[in-house]
Amino acid sequence: MSKTVQMQRDGAIATITLNRPQRRNAFNLEMWAALGDVMTELNDDESLRCVILRGAGDKAFAAGADIAEFSKVRANGKQAEAYAKIMDRATDAVRDCPHPTVAAIRGACVGGGLELAIHCDLRISGRSGRIGIPINRIGNALPYAAMIALVEAVGRPTVLELLLEGRIYTADEACAKGLVTRVVEDKELDGEVKATAGRIAAGAPLVARAHKSFSRKAGAPLDLKGTDWIAPFKICNSDDYGEGIRAFLAKETPNFTGS
């Protein structure tokens, strides 16, 4: 495993740490590639129920891309396209992860950091969170992969405000815009993220995965087919549904197995 992306496992919960604290966890190309490798592996692990993404240290989730290497790996359009393929593999793996994902944001979450975080299902920020994409200051345009994710999450007006002004939002401003889903005090962040992951992991994993899929399809309801409309009801054929009903009536904690 790359030193720049570390993964720890605690039962059904995996934590991925972006580990370049000396650069405020800014992404270099190696780091994007490593994240893609780790996420691809986790996506195939059906024993997982939640994935947490966080930055090492207390200064940043990820302070964008490491511009110091751009002259070598992203100096022109052809190189930028090749760079984006490696980056998109990582962010697509987060977007398509069947398990719920939670971004734990402390400090800077800008540029590529926000492009990653916006693909997570939940984004919990400490009060120190600083969120934005100031790429207008380096003459760079946001690729469509990130543009689509941001517009879906917060709408075109907010995305244009982000990109045209290049302003960095406070955590509370970002929450009001929908860029983050919850804000807590920094000292409470780790505990809140752990509790959130625990609540997710305690639920039926088939239902969590279904809700991720169904919520995406609900964004384009006119495209729903007959089989889509009945898919939620098929969950009632699962062992977990029977276990949930049994445990509720018995006033017991359900033992969901994902089947």
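In what follows, the accompanying structure is described. Remember, it's a predicted structure, so these values are computed and weren't measured experimentally.

### Overview of the nonpolar core
As a rule of thumb, soluble globular proteins bury nonpolar side chains together. Membership of the largest hydrophobic core comes to 49 residues, with the highest contact counts inside it found for Ile16, Leu35, Leu53, Phe61, Leu116 and Leu179. Here the element with the most residues in this core is helix H1 (residues 29–43); it accounts for 7 residues. With residues up to four places along the chain from it excluded, the contact list for Leu53 reads Ile16, Leu35, Phe61, Val94, Thr101, Val102, Ala103, Ala104, Leu116 and Cys120. The next biggest cluster of nonpolar side chains, apart from the first, holds 11 residues, and it includes Ile124, Leu189, Val193 and Ala201.

### Let's talk about the sheet that holds strand E3 (residues 50–55)
Pairing within the open sheet is mixed, and its 6 strands lie in the order E1-E2-E3-E5-E7-E10. Each edge of the open sheet is held by one strand with a lone partner, namely strand E1 (5–10) and strand E10 (182–184). Neighbour to neighbour, the strand axes of the sheet diverge by 20 degrees on average, direction disregarded.

### Re the packing of helix H5 (residues 144–154) against helix H6 (residues 156–165)
Taken N-terminus to C-terminus, the directions of H5 and H6 make an angle of 125 degrees; their axes are 7 Å apart at the nearest point. As the angle between them shows, H5 and H6 are arranged oblique. Across the interface between the two elements, Met147, Leu150, Val151 and Val154 from H5 touch Arg156, Thr158, Val159, Leu162 and Leu163 from H6.

### With respect to the environment of Phe61
Structurally, Phe61 can be placed in strand E4 (residues 60–63). In sequence terms Phe61 and Gly107 are 46 residues apart; their C-alpha atoms lie 6.3 Å from each other.

### Points about the side chain of Arg20
Of note, Arg20 is situated in the loop between strand E2 (13–18) and H1. The buried category is assigned to Arg20, whose relative accessible area is 10%. Separated by 3.1 Å, the side chains of Arg20 and Asp66 make a polar contact.

Conventions adopted
- Residues numbered from 1 in each chain as written.
- Predicted model: local features only at pLDDT ≥ 70, side-chain atom pairs only at ≥ 80, totals over all residues.
- Heavy atoms only, no water.
- Core = buried A, V, L, I, M, F, W, Y, C linked by side-chain atoms within 4.5 Å.
- Buried < 20%, exposed > 50% of the residue type's maximum accessible area, 1.4 Å probe, protein only.
- Helix = DSSP H or I, 4+ residues; strand = E, 2+ residues; numbered from the N terminus.
- Contact = heavy atoms within 4.5 Å.
- Pairing = 2+ DSSP bridges.
- Axes fitted to C-alpha atoms, helices over the stretch in contact; angles between N-to-C directions.
- Parallel < 35°, antiparallel > 145°, perpendicular 65-115°, else oblique.
- Polar contact = N/O pair within 3.5 Å; in protein donor to acceptor, adjacent residues only side chain to side chain.

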